[in-house]
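What follows is each chain in one-letter form.
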Amino acid sequence: MTKTASPNTTTASNPEIEYTSRTLFARLWTDYLRHHKFPLAVVAILMIINGGSLAVLAKMLEPMFDNVFVGGDAGAIWWIGGVILGLFVVRGIAELISKTMLASISMRSSTDMQVDLLRHILSLDSQFFHKNPPGSLMERIQGDTVQVQSVWRVVIQGIGRDFFSLFGLFFVAIITDPVWTLVAVIAVPLLILPTAALQRYIRRKTKHLREEAGKRSTRLDEIFHGIHAIKLNQMETYQVSQFRSIIDRIVKAEVKTAAGQATIPTMIDFITGLGFFAVLIVGGQEIISGEKSVGQFMTFFTAMSLTFQPLRRLGAAAGTWQIAAASLERLYRLFDTKPTITSPSAPTALRSDAGTEVKFNDVKLDYGNIPALRGLNCVAEAGKTTAFVGTSGAGKSTVFNVLTRMTDPTSGHVTLGGTDISQLSLDDLRAQFSSVAQDALLFDETLRENVMPGIANVDNAHLQKALEAANVADFVNSLPDGLDSPAGPRGANLSGGQRQRIAIARALLRDAPVLLLDEATSALDTKSEAVVQAAIEALSEGRTTLVIAHRLSTIRNADKIIVLDQGRVAEEGSHDDLLAKDGIYAGLWALQSKSPAT
């Protein structure tokens with residue numbers, strides 16, 4: 001077979017991709033925002049109206065002071081007051097509609113991103129999940145996408161409403177007196193370098209904060225998953241201490257990030273105050289000398305005063321963008337992580353008459369520098385049961401991982417029905433397998449949903465047949481809600497044997513031609529094992545079955561037993577044949593026969 005990435009070549013993002021603010025926003029627009037072009041255009045128009053109303057309001061102060069307060073024109077009160085009232089009404093309506101539409105765009109886009117991210121993560125290789133704990137991935141999907149929502153609610157709103165407000169207000173200020181305007185903004189260039197440095201600081205601290213938040217989620221996931229072990233080993237104080245240390249680091253990062261965000265508006269306050277002071281000195285002299293009217297000064301002063309809040313909001317938005325950009329960078333680094341195990345570009349169709357014989361041909365596989373399989377050669381015949389046994393680390397689980405392409409071998413190849421599995425699409429390949437593992441995977445849903453997740457069009461007769469064959473009917477009928485009873489978190493409402501029987505019923509409904517059993521009864525007591533073993537025998541009937549077992553008593557009737565030792569086939573044959581050879585298998589059998597547990 002063509003050599004693919006080996007297990008020590010983990011999935012990784014492309015290091016050549018740049019994650020600058022410009023590229024991040026461009027990708028955000030392309031992937032999500034452009035799908036909302038029409039509502040965003042409406043929002044932009046409303047923001048122009050909202051922002052421009054402040055400029056008109058400032059301009060209306062000139063006739064109000066010069067014509068009414070100074071000139072004494074009582075009739076002008078009505079039209080000037082009416083215009084100002086209308087401005088506030090229009091501004092309020094525009095604000096209401098634009099905020100509502102932005103909230104809708106924000107939530108819809110964020111939801112789309114969460115779904116896309118989960119879909120992408122599920123496409124990645126098993127090695128990716130060995131390096132990225134569940135809590136960290138949960139924080140990416142939940143925490144980082146929530147941070148990105150601020151792009152829509154703060155940044156876009158700030159760029160729209162506040163930018164147009166500033167543009168209009170500065171226009172009014174310039175036409176009133178360009179010299180005063182120049183004096184007011186002369187110190188603004190002093191903000192450029194400190195603001196750029198602060199934005200880099202905020203982004204750096206935010207990335208650290210998001211990493212710590214991932215560690216917090218991971219710690220909580222591990223605590224709640226291992227709650228029984230924690231209680232039995234009296235680890236409560238230790239776990240709280242570990243959690244507290246993570247929280248303390250998060251608090252420090254939060255405070256530093258907040259301080260960085262607050263510093264930008266504070267600097268704007270200083271520069272704005274300096275500008276007002278300079279204008280008051282220059283403009284006050286011109287008012288006193290009669291060169292300028294009170295109305296002109298009030299229009300200018302109001303226009304510049306009204307720029308204060310938009311400037312502060314834009315300064316805060318710059319910090320908010322850096323927080324969102326840090327999360328966007330983490331998200332897109334994850335999106336840019338590609339699986340190394342993929343379907344071929346032109347997959348081969350599995351022939352319906354090809355059978356289900358499984359054959360390993362000189363298969364080698366290394367985990368880093370540690371060999372797991374060292375030239376494995378074996379055959380599992382179609383329609384028969386083949387068991388894999390051996391000491392821990394012999395390569396039993398690796399056989400299943402290679403067969404299902406959870407990992408690809410370094411060299412050699414595996415065939416299913418005579419077809420190289422690397423030439424099949426992943427969907428077609430994995431559709432050939434039903435599996436039951438030692439820890440049955442159950443979700444916090446009803447038993448019915450756990451029995452047939454994603455399996456559509458199952459008639460009741462077929463379902464009942466599967467339940468009876470798996471011995472699920474023995475206990476499910478005694479439950480208050482029957483098959484609609486909740487399984488509980490990770491199946492906590494069921495015993496180990498009951499969880500296994502649910503998993504077997506699920507495998508029966510899947511009805512795949514090859515059955516993989518990974519120590520399916522090793523964690524059960526003798527009574528539960530007998531019931532589950534009977535269900536497994538019903539499941540195995542007519543299927544090619546591959547079994548990994550520690551309890552040799554469960555596979556003594558297998559058609560073939562393959563003994564693995566350090567990634568190679570050491571022995572193979574029936575139970576009686578292997579006992580007669582008096583080799584590794586006979587030694588394991590003798591050891592377990594003496595154990596009271598068997």
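Residues numbered from 1 in each chain as written. Predicted model: local features only at pLDDT ≥ 70, side-chain atom pairs only at ≥ 80, totals over all residues. Heavy atoms only, no water.

Engineer: What exactly am I supposed to notice about the overall build of the protein here?
Structural biologist: In terms of helices and strands, the protein carries 20 helices and 10 strands. Along the three orthogonal principal directions, the C-alpha set of the protein runs to about 120 × 55 × 50 Å. The buried share of the protein, taken over its 598 residues, is 45%. Long-range contacts, defined as pairs at least 24 residues apart, comprise 80% of the intrachain contacts of the protein with a sequence gap of at least 6. Averaging the positions of the 57 positive and the 58 negative side-chain charges in the protein gives two centres separated by 5 Å. (Helix = DSSP H or I, 4+ residues; strand = E, 2+ residues; numbered from the N terminus. Buried < 20%, exposed > 50% of the residue type's maximum accessible area, 1.4 Å probe, protein only. Contact = heavy atoms within 4.5 Å. Lys, Arg positive; Asp, Glu negative; His and termini not counted. Charge placed at Lys NZ, Arg CZ, Asp CG, Glu CD.)

Engineer: Teacher, can you tell me more about the sheet that holds strand β1 (residues 358–367) here?
Structural biologist: Through backbone hydrogen bonds, the strands of a sheet pair up, either in parallel or in antiparallel fashion. Spatially, the four strands line up as an open sheet ordered β2-β1-β4-β5, and their pairing is antiparallel. Two strands lie at the open edges of the sheet, namely β2 (370–380) and β5 (419–420), each paired on one side alone. Across eight bridges, the pairing between β1 and β2 is antiparallel. Bridging across to β2, V363 finds its partner in L376. On the sheet, helix α12 (residues 396–403) packs against β1, β2 and β4 (411–416) and is oriented at approximately 110° with respect to β1. (Pairing = 2+ DSSP bridges. Axes fitted to C-alpha atoms, helices over the stretch in contact; angles between N-to-C directions.)

Engineer: Would you mind showing me how to read the nonpolar core here?
Structural biologist: It is characteristic of soluble globular proteins that their nonpolar side chains tend to be buried jointly. Core analysis: the biggest nonpolar cluster contains 42 residues, and I504, I555 and Y585 have the highest contact counts within it. Of the residues forming this core, the biggest block, seven residues, is contributed by helix α17 (residues 496–510). Apart from residues no more than four positions distant in its own chain, Y585 is found in contact with V389, L552, I555, I561, V563, E571, H575, L578 and L579. Counting residues in each nonpolar core, the second largest holds 27 residues, with V358, L416, L424 and L516 among its members. (Core = buried A, V, L, I, M, F, W, Y, C linked by side-chain atoms within 4.5 Å.)

Engineer: Before we go on, may I ask you to explain the pattern of salt bridges in this structure?
Structural biologist: A complete count under the given rule lists 18 salt bridges for this structure. For R27, the salt bridge identified is with D336, shortest N-O distance 2.9 Å. Remark: D336 occurs in the loop between α11 (308–335) and β1 and R27 occurs in helix α1 (residues 21–31); sequence separation between them is 309 residues. For D221, the salt bridge identified is with R490, shortest N-O distance 3.7 Å. One end of the pair, D221, is in helix α7 (residues 192–225); the other, R490, is in the loop between α16 (473–476) and α17, and 269 residues separate them in sequence. Given a relative accessible area of 45%, R490 falls into the partly exposed group. Among the charged side chains, a salt-bridge network with shared partners connects E139, D144, R210 and R330. (Salt bridge = Lys/Arg side-chain N within 4 Å of Asp/Glu carboxyl O.)

Engineer: Before we go on, may I ask you to explain α12 in this structure?
Structural biologist: Given 3.6 residues to a turn, an α-helix orients residues that are three or four positions apart in the same direction. When you tally the buried positions in α12, you get six out of eight residues, the bulk of the element. Along α12, the positions that sit buried rather than exposed are K396, T398, V399, F400, V402 and L403.

Engineer: Explain unusual backbone geometry to me, please; I cannot follow it from the model alone.
Structural biologist: For residues besides glycine, phi is generally negative; the peptide bonds are generally trans as well. Positive phi, close to 55°, is recorded for R490, a residue that is not glycine. The phi dihedral of D511 falls on the positive side, at around 55°, and the residue is not glycine. By secondary structure assignment, the location of D511 is in the loop between α17 and β7 (514–518).

Engineer: Which parts of the structure should I look at to understand the packing of helix α3 (residues 76–122) against α11?
Structural biologist: Between α3 and α11, whose axes approach to 10 Å, the crossing angle comes to 40°. By the angle class used here, α3 and α11 are oblique. In the crossing of α3 with α11, the sense of the turn from one axis to the other is left-handed. Of the residues in α11, those touching α3 at M113, D116, L117, H120 and I121 are L328, L331, L334 and F335. (Parallel < 35°, antiparallel > 145°, perpendicular 65-115°, else oblique. Left-handed = near helix turned anticlockwise from the far one by under 90°.)

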